[in-house]
Each structure stands twice: as C-alpha cells, then as structure tokens.
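Below, each chain spelled out in residue letters.
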Protein chains: 2
Amino acid sequence: MRISFIGSGNVSTHLCRGLYKANHQIIDIFSQDLKNANHLAKFVNANSINSFAKIDSSVDLFIICVPDIHIEFVSSQLPSQVAQIHTSGSTNLTALYVENRGVFYPLQTFSINKLIDFSTLPILLESSNDDLLKIMQLLVADLGSVEHHVNSEQRKKLHLAAVFACNFSNLMSNIAEDILLENNLDPKLLIPLLEETTNKLKEMSAYDAQTGPAIRGDMNTIGKHQQLIDETSTSSIRKIYDLLTKEILSKHGKL
Amino acid sequence: MRISFIGSGNVSTHLCRGLYKANHQIIDIFSQDLKNANHLAKFVNANSINSFAKIDSSVDLFIICVPDIHIEFVSSQLPSQVAQIHTSGSTNLTALYVENRGVFYPLQTFSINKLIDFSTLPILLESSNDDLLKIMQLLVADLGSVEHHVNSEQRKKLHLAAVFACNFSNLMSNIAEDILLENNLDPKLLIPLLEETTNKLKEMSAYDAQTGPAIRGDMNTIGKHQQLIDETSTSSIRKIYDLLTKEILSKHGKL
C-alpha cells in the first residue's frame with residue numbers, strides 16, 4: 001500500500017518503520033516541525049512536508065499520529081477521498097472527518113529509542129466499514145502483531161487502564177529509583193523485582209498477586225515507612241504512600 | 001548445614017524449599033499454626049513444631065521469617081548458642097537477641113503458589129561478623145542467587161523503594177484490571193504493555209521511560225480520563241489519578 005503518516009512522534013516512528021519494513025510504500029511524512037519529519041522520512045525513503053497544500057492525495061491511506069487535541073483539525077485538512085485512521089486510545093472514531101475511517105490503537109508504551117516487539121503488540125481496531133477493517137487487519141498481520149476489536153467506549157476505558165498499568169506504574173518505579181539514587185544504591189537492583197511483579201500477572205490476577213505491608217495489615221512497617229519518608233522525601237511522596245496504602249488496605253478488607 | 005526455619009509463610013516456604021533442594025538439612029519448621037508448619041515440613045522432610053520448648057538446639061542456624069513485629073520476641077525465645085538470621089527488609093540487624101546474627105533479605109515479591117527464579121534473585125546481606133557472612137554467602141551461592149551487601153539503613157530504604165516498585169505498581173495493575181473487567185475486556189490484554197514497561201527500565205531510567213498524557217502535558221486527555229473515572233469508578237480512584245498525574249506533571253516541569 002501507499003501510506004502517508006501525519007505526525008512524526010513515538011507512535012508514528014515505530015509504526016511507520018514497521019510498515020516500511022513490511023514492504024509498504026511510505027509517501028509523505030507530515031510534521032509541523034520539518035526537522036522531525038525529515039528525520040523519520042530518511043529512514044523510510046519518504047518525502048517530509050510541513051504544509052497540507054503539498055500533501056500527495058494519490059495515497060491509499062492516511063495514518064494520523066498526532067496529539068489527540070489536533071486529530072480533528074488535521075483530519076479536516078486532508079484530501080477527503082482518502083481513507084483515514086488515527087492511533088489514539090482516547091479519541092472517538094467520529095473525530096475523523098471522512099466517512100471511510102478507522103482506529104488503529106497500539107496498546108503499548110513507545111519511547112523513541114527503544115525497539116518495539118511487534119510480535120506481542122495488541123492493536124485495537126475499529127472501523128466505519130468492513131473493507132477498511134480488512135485493510136487494517138492486513139496491516140496488523142504485516143507487522144506480525146495481534147488484532148483485537150473494540151468500540152470507541154471500550155477503547156477509552158482501555159486507554160485509562162493503560163495509564164494506570166503503564167504510566168503510573170512507571171512513576172512508582174521512578175519514585176523507587178529516586179530513593180535508591182539518594183542512598184547511593186544502584187536502581188538496577190530492582191529489575192528482578194519489577195520483572196517478577198509483571199510475571200506473576202501471567203499466572204494470577206493483580207488482586208491475588210498483591211504483596212507488601214498493606215495487604216498484611218502490617219501497620220508497624222507502614223509506620224516505619226512513613227517516618228522514613230518524612231525524614232528524607234517530599235510531602236507529595238508521603239501523600240502518595242498514604243493514599244495507595246489506604247487503597248490496598250481498603251481493597252483487601254483491612255480497614 | 002542443619003537449619004531450622006521460624007515461620008512458614010511465603011518467604012519461609014520459598015527459601016526453605018530452595019535450601020532443601022541445595023542439600024541442606026531442614027530440622028524444625030516452627031509456626032504458631034501447626035497446620036502451616038506441617039504443610040511445609042512435609043516438603044522438606046522436617047519436624048513441624050509450635051512450641052519453643054520443643055525446638056532442637058543442636059542446629060547450625062535459625063532462619064527467622066515471621067512478621068517484622070514478632071522478630072524480636074521470637075529471637076528472644078530461641079536457644080542463644082545458635083546463630084540467627086532474619087529475612088526482613090525493614091528490621092535492624094540488632095533486633096536479634098544473639099551476638100552471632102545476620103540479615104538475609106531477598107529483594108523479591110513472593111506468592112505462595114508462584115515459583116521463584118532464584119538465579120536472578122538479589123539477596124541483601126548484613127552480618128555481625130565475617131564467619132556468619134561467609135555462611136550466608138554460601139547459602140546465596142547454593143540457591144544460585146546474587147549477593148549484595150547493604151547496611152540496615154540502606155536496606156530500609158530499599159524496602160521502601162520496593163513497596164513503590166512492586167506493591168504500588170501491582171495496585172496500579174489491579175486498578176487497570178478492575179477497569180477492564182467492568183467493561184468485559186480481558187485483563188490479559190495489558191500483559192505486553194506491562195512487560196514493555198519493565199523491559200524499558202533495563203535500558204533507560206524510569207524518569208526517561210515515562211510516557212502518557214501527563215508527561216506530554218496533555219490536559220485534554222487528562223480531562224477526559226477524569227470524566228470517565230467520575231462516571232464509573234470510586235472517588236478514591238479519582239484521587240489516585242489526580243495525585244499521580246500531578247506528580248508526573250511536577251517531576252517533568254509541566255506544572
């Protein structure tokens with residue numbers, strides 16, 4: 001297929017390179033910042049543009065990977081005879097201005113310099129019509145990824161869940177990292193613990209996998225932690241510790 | 001070595017079985033609840049007891065794996081000529097009543113029915129003397145695990161960090177799981193995301209690995225999430241969302 005990408009951030013970069021490797025032809029990379037577009041375009045042998053007037057309207061598909069708030073505007077500026085899909089978890093299918101429209105949401109955390117394992121990547125599809133759905137299914141297959149079908153409401157819930165499972169979990173690791181660095185300890189010490197925390201969830205629910213002082217109702221250890229935080233960390237860390245401890249106590253009937 | 005375990009919970013079970021497999025002789029399993037002691041004792045060919053009067057004082061080592069708050073009392077009840085080690089992250093070496101004492105803290109999350117990969121397990125050692133330290137180093141080697149040396153202050157910080165990295169991360173997965181289940185979606189959909197969230201931390205700091213609406217300063221998506229939570233989740237989930245979002249915004253200079 002002949003595909004153009006609108007946006008040149010993390011998601012665009014990984015999907016664009018993935019589809020290029022799978023022998024799709026990438027035509028235009030559009031970005032407000034031409035330098036970003038250039039950078040990606042070089043890797044996939046595409047044109048980089050920063051003006052909607054210059055966009056090639058003879059392509060088969062536009063893939064829109066821009067911040068959610070810009071999706072509607074960008075969609076309205078594209079040649080309307082071409083199918084459009086966006087890659088946002090929290091944006092309705094109907095945000096796109098064309099009839100022939102779909103959503104192609106990769107449920108993953110993308111960082112620009114970290115390779116993605118497409119073989120395990122769940123891609124959540126929604127489409128206005130079966131023809132476009134089949135095209136998206138082929139793209140998922142070409143990436144070697146795993147297709148799932150959800151509607152806009154379910155996708156929004158999944159996106160919210162992903163913020164907890166990924167973004168907030170990563171914040172927890174960041175806070176842990178800070179504590180180790182402040183005490184001249186190597187943050188990599190925590191890697192086996194982080195891996196096991198995830199591995200357990202392949203075999204049991206997160207509810208059943210919960211461990212730690214809160215689920216044991218161990219108020220003695222919780223008190224020691226609070227004291228330690230008050231001595232060395234900020235008040236926001238104390239607030240986070242207290243709120244999350246309370247949530248575990250409450251979820252597991254210890255309050 | 002001839003070793004007795006005090007306590008028969010998660011940590012005791014995994015360590016005891018690991019050392020038994022490595023050809024150490026397990027003599028007594030002590031637990032207040034004889035049924036628990038019996039269960040573990042059967043696997044490692046040991047005696048199960050629930051009275052300190054019955055404990056065999058001819059062993060080489062007592063390994064104390066009881067709730068932190070009971071360590072001091074338990075220690076005071078054991079024959080004082082035998083070396084003692086405890087396995088607690090947040091308890092001082094000096095909580096033990098004997099001179100010949102050590103700490104053997106496995107930095108991992110243990111659930112009773114989930115096998116542990118000893119080969120990647122960091123065990124944090126502290127000892128009152130070099131002879132006992134050498135014995136603990138041998139035990140770590142017998143388990144095939146990885147030894148580290150920390151003092152009581154560092155170990156307490158590590159334990160606090162582990163609560164964030166493991167217990168609170170797991171709570172985040174639990175909240176995500178709840179959201180999926182409420183919407184008839186399979187929680188296993190999140191596994192690749194959880195795995196990648198951890199995998200990234202092998203290559204970059206958690207600070208650099210952060211993704212999501214908060215680090216992008218995407219107040220539009222954050223607003224949508226808040227609305228979604230208000231419609232379907234409890235007020236404590238909203239509080240958690242707001243506090244953690246604010247922490248990411250603040251950490252990354254978006255406030």
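Details of the structure are given in the entry above.
A few points on the structure. (Residues numbered from 1 in each chain as written. Chains lettered and ligands numbered in written order. Predicted model: local features only at pLDDT ≥ 70, side-chain atom pairs only at ≥ 80, totals over all residues. Heavy atoms only, no water.)

**Quick look at the nonpolar core**
In a soluble, globular protein the nonpolar side chains are often hidden away together inside.
At step 1: Ranked by internal contacts, the top residues of the largest apolar core, which has 86 residues, are Phe 164, Met 172 and Leu 190 of chain A together with Phe 164, Met 172 and Leu 190 of chain B.
At step 2: Leave out the neighbours within four places in its chain, and Met 172 of chain A touches Ile 240 and Leu 244 of chain A together with Phe 164, Ala 165, Phe 168, Ser 169, Met 172 and Leu 244 of chain B. (Core = buried A, V, L, I, M, F, W, Y, C linked by side-chain atoms within 4.5 Å. Buried < 20%, exposed > 50% of the residue type's maximum accessible area, 1.4 Å probe, protein only. Contact = heavy atoms within 4.5 Å.)

**Things to note about the interface of chain A and chain B**
At step 1: Listed as interface residues are 90 residues of chain A and, on the opposing side, 90 residues of chain B.
At step 2: Approximately 8,800 Å² of surface area, both sides summed, lies buried where chain A meets chain B, with 67% of it carried by carbon and sulfur atoms.
At step 3: On the chain A side of the interface with chain B, the three residues burying the most area are Lys 114, Lys 157 and Phe 164 of chain A, jointly 8% of the side's total.
At step 4: There are six salt bridges connecting chain A and chain B.
At step 5: Across the pair Lys 251 of chain A and Asp 178 of chain B runs a salt bridge whose closest N-O atoms are separated by 2.5 Å.
At step 6: Applying the counting rule to chain A against chain B returns 39 residue pairs in polar contact (both at pLDDT 80 or more).
At step 7: Of all the secondary structure elements, the ones that give two or more residues to the side of chain A that touches chain B are helix 3 (68-77), strand 7 (122-127), helix 5 (152-182), helix 6 (191-203), helix 7 (206-209), helix 8 (219-232) and helix 9 (235-251) of chain A.
At step 8: Among the elements that make up the side of chain A that touches chain B, the one with the highest residue count is helix 5 of chain A (26 residues).
At step 9: Considered class by class, the residues forming the side of chain A that touches chain B number 44 nonpolar, 29 polar and 17 charged. (Buried area = accessible area lost by both parts, 1.4 Å probe. Salt bridge = Lys/Arg side-chain N within 4 Å of Asp/Glu carboxyl O. Polar contact = N/O pair within 3.5 Å; in protein donor to acceptor, adjacent residues only side chain to side chain. Helix = DSSP H or I, 4+ residues; strand = E, 2+ residues; numbered from the N terminus. Nonpolar A, V, L, I, M, F, W, Y, C, P; charged D, E, K, R; others polar.)

**Here's the deal with the sheet that holds strand 6 (residues 101-106) of chain B**
Residues and elements named next belong to chain B.
At step 1: Ordered by their spatial adjacency, eight strands build an open sheet running 3-2-1-4-5-6-7-8, and the pairing between neighbours is mixed. Two strands lie at the open edges of the sheet, namely strand 3 (47-49) and strand 8 (146-149), each paired on one side alone. Averaged over all neighbouring strand pairs, the angle between strand axes comes to 25°, with direction disregarded.
At step 2: Pairing between strand 1 (residues 2-6) and strand 4 (residues 61-64): four bridges, direction parallel. For Ile 3, the partnering residue across the bridge sits in strand 4 and is Leu 61. (Pairing = 2+ DSSP bridges. Axes fitted to C-alpha atoms, helices over the stretch in contact; angles between N-to-C directions.)

**Points about the relation of the copies chain A and chain B**
At step 1: For these two chains of identical sequence, chain A goes onto chain B by a turn of 180° and a shift of 0.0 Å along the axis, with RMSD 0.0 Å. The two molecules are tied by a two-fold rotation axis, judged by turn and shift. In terms of proximity to the rotation axis, the leading residue of chain A is Ser 169 of chain A, whose C-alpha is 2.3 Å off the axis.
At step 2: A share of 100% of interface residues in chain A that are also interface residues in chain B marks the association as one of identical surfaces. (Least-squares fit on C-alpha atoms with pLDDT ≥ 70 in both.)

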